Amino acid sequence: MPLIVQKFGGTSVADTQMILGAARKAIRAAQAGNQVVVVVSAMGKTTDHLVALARELTERPAGREMDMLLASGEQITIALMAIALESLGYKAVSMTGAQIGIKTDNYHTKARIKSISTDRMKKALDDGNIVIAAGFQGIDDDGDITTLGRGGSDTSAVALAAALGADECEIYTDVDGVYTTDPRLLPEARKVVQVSYDEMLELTSLGAGVMHNRSIEFAKKFGVAVHVRSSFSDTLGTLIIETPESDTAVSGAAITKNEARLTMVGVPDRPGVAMFLFSKIAEAKIPTDMIVQNVGQDNRADISFTVPDTDLVPTLELLQLVVPEIGAETVEWQENVAKVSVVGLEMEQQGGVAKKMFRAISQKGINIDIITTSEIKISALVARDDGLATLRAVHNAFGLDKEPKKIKSRPKQSKVPKLDRSIAETGAIDFSRLSGMEEILIEAISLNQTEAQITMPNVPDAPGIAAEMFEKIALGDVVVDMIVQSCGRNGRASITFTIPRKSLSKTLEIVQKLAKKWKSDGPLHIPAISMLSVRGTGLRSHTDLAYRMFKTLADSGINVNVISTSERNIAVTVDESNGEKGLALLKQEFSGEMM
Ligand code: ADP
Ligand code: ASP
Ligand code: MG
């Protein structure tokens, strides 16, 4: 019998009438001949309210007690949903995370799923019940309740779909699909027909809050077709599957307004120092993004990065200890920032995306504080007040409000790729080589020795600088790969990028002119660099991966120059001569996690 998982988010179960509405959707799926598992979130703003209550008592409540508190929200909804179904004449049974058998690690408030045992759920389904599962929660080895992180019910739903071998996972929410950007911020955003796992992983990780980022890791790893659709209508929503909607260079944009920027000032520039910093942060499971380094005077560098607002206090506490240990000068931070990103699988092939994005932003007179890129995304950090205008400018520049010229045909419902049942039929998924369902899976580790690196130190920290530079370079037909712009200090910033070695002299000629104009001391260049990449799924959300990469290299005295991260690839540049050695070291370090 086909099996369907339906998930209803908080706004879709905000009161009993809406719970009845959701129950009717489940009944319709059952009447159509499916076994049905319903995953629910806490009602309306319950979780926010519970968080606020704890904060009335203390700034830093204990994680175990927070989980005990927050899990109560979902417990209310499952019971009411089961009561609603029974009132409509259907057999239903509610289950908490523990009763479903969702085993997690013990990182309270951000636990990861280790295994799911499906026996009890299957029995209840076979007995003719609609199973109502509490989203967002699990249980650790000590029997304590854990939660998966805010928005984590999506991850519960997709993980259950994977474990049960469901035919489809429907995510019912308060929008009717995935849009090119948050339609509540930009009404001109366009609903997309389908979006690929890789794009969605990146978009959710960069701020598209429509789905919990880690749910997409599950979907990709286990091949679950996810259908995001409206709780309030029956129109088709958006499919999240392997293939993208079209082959445009940019397919979506996202904004994060809840990140803070930190800068460690005057860090001694020697191997292992950055590693030590990020090891401390990784141990605390704090996700970092936009890591950039600005080489300053006297062999000292500034290292900047962003963390979620909610992790700012713990990060500052950590840095207070790290600063004297590594002999840095001080820590600066800024909370009123926004990160605007564009994502597209074809970005690397089609080129020109960076200059277009920077120009669109500078035309609004907005200054970019930090730039980071990867092969499928470009992010710009701007003042928070400029966030919305920046998002609109780039959304517009890439024509995201318009249908792409060639839409790939939507797969027929019957052709939606199905989960590999051989994985699902084993009952409890516990991959023998992985310590849990959410562990990292690495696809490839590779070395690229075709690129050169250029740094423009000391350029004006003003609107239009990056745009002008990459426009001039593009006019010379040079394809730029990685770009990082460090955080400006005293009105000056530095920009580093990589290009094919064969384009080096041409590019140097172009930027030398700009260096004169901007009174920069540059350009500096490294004619041959080695780029080492680790490719997999959900790499950024596994906060320790980048750190393990740095540590492996630093332990052998290899210094990392530039870092570029996406959810599917982490790349670093090192000196040319260290390429082969670095590759061998990384292969050894990650041998246990290779697919
Ligand atoms: P739920 O309570 O159902 O989990 P969420 O509030 O977590 O719902 O997610 C739905 C919201 O996500 C929408 O109301 C919308 O404002 C926001 N959102 C952000 N980015 C996007 C996007 N690219 N497409 C659609 N919705 C988005
Ligand atoms: N109720 C939880 C939250 O608000 C989980 C979820 O809604 O996905 O974060
Ligand atoms: Mg949500």
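Scroll up to find the structure this text is about.
Report follows, based on the coordinates. (Residues numbered from 1 in each chain as written. Chains lettered and ligands numbered in written order. Predicted model: local features only at pLDDT ≥ 70, side-chain atom pairs only at ≥ 80, totals over all residues. Heavy atoms only, no water.)

1. A few points about the overall build of the protein
Then, in step 1: For the protein, the helix and strand inventory stands at 18 helices and 26 strands.
Then, in step 2: Summarising its shape, the C-alpha atoms of the protein cover approximately 80 × 55 × 45 Å along the three principal directions.
Then, in step 3: Burial status across the protein gives 58% buried among its 595 residues.
Then, in step 4: Counting contacts in the protein only where the partners sit at least 6 residues apart, residues at least 24 apart contribute 79% of the total.
Then, in step 5: Averaged over its 65 positive side-chain charges, the protein has a centre that lies 5 Å from the centre of its 75 negative ones. (Helix = DSSP H or I, 4+ residues; strand = E, 2+ residues; numbered from the N terminus. Buried < 20%, exposed > 50% of the residue type's maximum accessible area, 1.4 Å probe, protein only. Contact = heavy atoms within 4.5 Å. Lys, Arg positive; Asp, Glu negative; His and termini not counted. Charge placed at Lys NZ, Arg CZ, Asp CG, Glu CD.)

2. Brief notes about the pairing of strand β9 (residues 168–173)
Then, in step 1: Counting buried positions along β9 yields six of six residues, so the element is predominantly enclosed.
Then, in step 2: Residue alternation in β9 divides its side chains into two sets, Glu168, Glu170 and Tyr172 and Cys169, Ile171 and Thr173, and both sets are buried.
Then, in step 3: Of the strand pairs in this sheet, strand β1 (residues 3–8) and β9 are connected by five bridges, and their pairing is parallel. Among the inter-strand pairings, Gln6 is bridged to a residue of β9, identified as Glu170. (Pairing = 2+ DSSP bridges.)

3. Concerning the site of ligand 2
Then, in step 1: Within the structure, ligand 2 sits among Ser41, Ala42, Thr47, Glu74, Phe136, Arg150, Gly151, Gly152 and Ser153.
Then, in step 2: Within the contact set of ligand 2, a nitrogen atom lies 2.8 Å away from a side-chain nitrogen or oxygen of Thr47.
Then, in step 3: Between ligand 2 and Glu74, the relevant distance is 2.7 Å, taken from a nitrogen atom to a side-chain nitrogen or oxygen of the residue.
Then, in step 4: In terms of residue class, the shell around ligand 2 is built from two nonpolar, five polar and two charged. (Near = heavy atom within 4 Å. Polar contact = N/O pair within 3.5 Å; in protein donor to acceptor, adjacent residues only side chain to side chain. Nonpolar A, V, L, I, M, F, W, Y, C, P; charged D, E, K, R; others polar.)

4. Re empty space enclosed by the protein
Then, in step 1: Summed over all chains, the structure comprises two cavities of 30 Å³ or more.
Then, in step 2: Of the pockets and cavities examined, the largest cavity occupies roughly 220 Å³.
Then, in step 3: What lines the largest cavity is a set of 24 residues, and nearest its centre among them are Thr288, Ile291, Arg540, Ala546 and Thr565.
Then, in step 4: Those elements that provide at least two residues to the lining of the largest cavity are α9 (273–283), β15 (289–295), β19 (370–374), α17 (544–555) and β25 (563–565).
Then, in step 5: In terms of residue count, the dominant contributor to the lining of the largest cavity is α17 (four residues).
Then, in step 6: Of the residues that constitute the lining of the largest cavity, the class distribution is 14 nonpolar, seven polar and three charged.
Then, in step 7: In terms of lining, the second largest cavity is formed by 17 residues, of which the most central are Asn367, Ala462, Gly464, Ile465 and Ala466.
Then, in step 8: Elements with a minimum of two residues in the lining of the second largest cavity: α12 (353–362), β21 (442–460), α15 (465–475) and β23 (492–500).
Then, in step 9: Among the elements that line the lining of the second largest cavity, the one with the most residues is α15, at three residues.
Then, in step 10: The residue makeup of the lining of the second largest cavity, split by class, is twelve nonpolar, four polar and one charged. (1 Å grid on protein atoms, 1.4 Å probe; cavity = no way out; pocket = protein on both sides within 12 Å on 5 of 7 lines; lining within 4 Å. Points joined across faces, edges and corners; volume = space filled by probe spheres on them.)

5. Remarks on the sheet that holds strand β26 (residues 569–575)
Then, in step 1: An order of β13-β18-β20-β19-β22-β23-β21-β24-β26-β25 is seen for the ten strands of this open sheet, with the pairing classed as antiparallel. Lying at the two open borders of the sheet, with one neighbouring strand each, are β13 (252–256) and β25. Neighbouring strand axes in the sheet, compared pairwise and without regard to direction, differ in orientation by 20 degrees on average.
Then, in step 2: Relative to strand β20 (residues 377–383), strand β18 (residues 337–343) is paired through seven bridges, and the arrangement is antiparallel. Looking across to β20, one finds that Val340 is bridged to Ala380. (Axes fitted to C-alpha atoms, helices over the stretch in contact; angles between N-to-C directions.)

6. Description of the sheet that holds strand β6 (residues 130–134)
Then, in step 1: Overall, mixed pairing links the eight strands, which are arranged β3-β6-β2-β1-β9-β11-β12-β10 in an open sheet. Either end of the sheet is taken by a strand with one partner, and the two such strands are β3 (92–95) and β10 (194–196). If you compare each strand with its neighbour and ignore which way they point, the axes differ by 20 degrees on average.
Then, in step 2: Sheet topology note: the β3/β6 ladder contains four bridges and is parallel. In the sheet register, Ser94 faces β6, and the bridge partner there is Ile132.

7. As for the site of ligand 1
Then, in step 1: Near ligand 1 lie 17 residues; those nearest to it are Thr173, Asp174, Tyr179, Asp182 and Arg184.
Then, in step 2: Within the contact set of ligand 1, an oxygen atom lies 3.1 Å away from a side-chain nitrogen or oxygen of Lys7.
Then, in step 3: Between a nitrogen atom of ligand 1 and a main-chain N or O atom of Tyr179, the distance comes to 2.9 Å.
Then, in step 4: The fraction of the free accessible surface of ligand 1 (580 Å²) that becomes covered by protein chains is 83%. (Areas by Shrake-Rupley, 256 points an atom, 1.4 Å probe, with all protein chains shown as cover.)

8. Quick look at the nonpolar core
Then, in step 1: In terms of nonpolar packing, the biggest core is built from 47 residues, with Met264, Leu277, Phe305 and Val572 touching the most fellow members.
Then, in step 2: Excluding residues that lie within four positions of it along the chain, Val572 makes contacts with Met482, Ser530, Met531, Leu532, Met549, Phe550, Leu553, Val560, Val562 and Ile563.
Then, in step 3: Leu186, Val250, Val353 and Ala354 belong to the second largest nonpolar core, which has 46 residues in total. (Core = buried A, V, L, I, M, F, W, Y, C linked by side-chain atoms within 4.5 Å.)

9. Structural notes on the packing of aromatic side chains
Then, in step 1: Inspection of every chain in the model, using the stated rule, returns six aromatic pairs.
Then, in step 2: Pairing Phe278 with Phe305 gives two aromatic rings, centres 5.4 Å apart and planes at 70 degrees, and the pair type is edge-to-face. With Phe278 in helix α9 and Phe305 in strand β16 (residues 300–308), this residue pair connects regions lying 27 residues apart in the sequence.
Then, in step 3: What makes Phe278 buried here is its relative accessible area of 5%.
Then, in step 4: On the accessibility criterion, Phe305 (0% relative accessible area) is buried. (Phe/Tyr/Trp six-rings, centres within 6.5 Å; stacked < 30°, edge-to-face > 60°.)

10. Remarks on the packing of α9 against helix α10 (residues 312–326)
Then, in step 1: Closest axis-to-axis distance for the α9/α10 pair is 10 Å, and the angle between their directions is 150 degrees. As the angle between them shows, α9 and α10 are arranged roughly antiparallel. Relative to α10, the crossing made by α9 is right-handed. Contact residues: Val273, Phe276, Leu277, Lys280 and Ile281 in α9; Thr315, Leu318, Leu319, Val322, Glu325 and Ile326 in α10.
Then, in step 2: Per-class residue counts for the contact of α9 with α10 are eight nonpolar, one polar and two charged. (Parallel < 35°, antiparallel > 145°, perpendicular 65-115°, else oblique. Left-handed = near helix turned anticlockwise from the far one by under 90°.)

11. Overview of α12
Then, in step 1: Most of α12 is tucked away, with seven of its ten residues classed as buried.
Then, in step 2: Of all the residues in α12, the buried ones are Val353, Ala354, Met357, Phe358, Ala360, Ile361 and Ser362.

12. Focus: the environment of Pro460
Then, in step 1: If you trace the backbone, Pro460 turns up in strand β21.
Then, in step 2: Expressed as a C-alpha distance, the spacing of Pro460 and Gly488, which sit 28 residues apart in the sequence, is 8.4 Å.
Then, in step 3: With sequence-adjacent residues up to four places away left out, Pro460 is seen in contact with Ile465, Gly491, Arg492 and Trp518.

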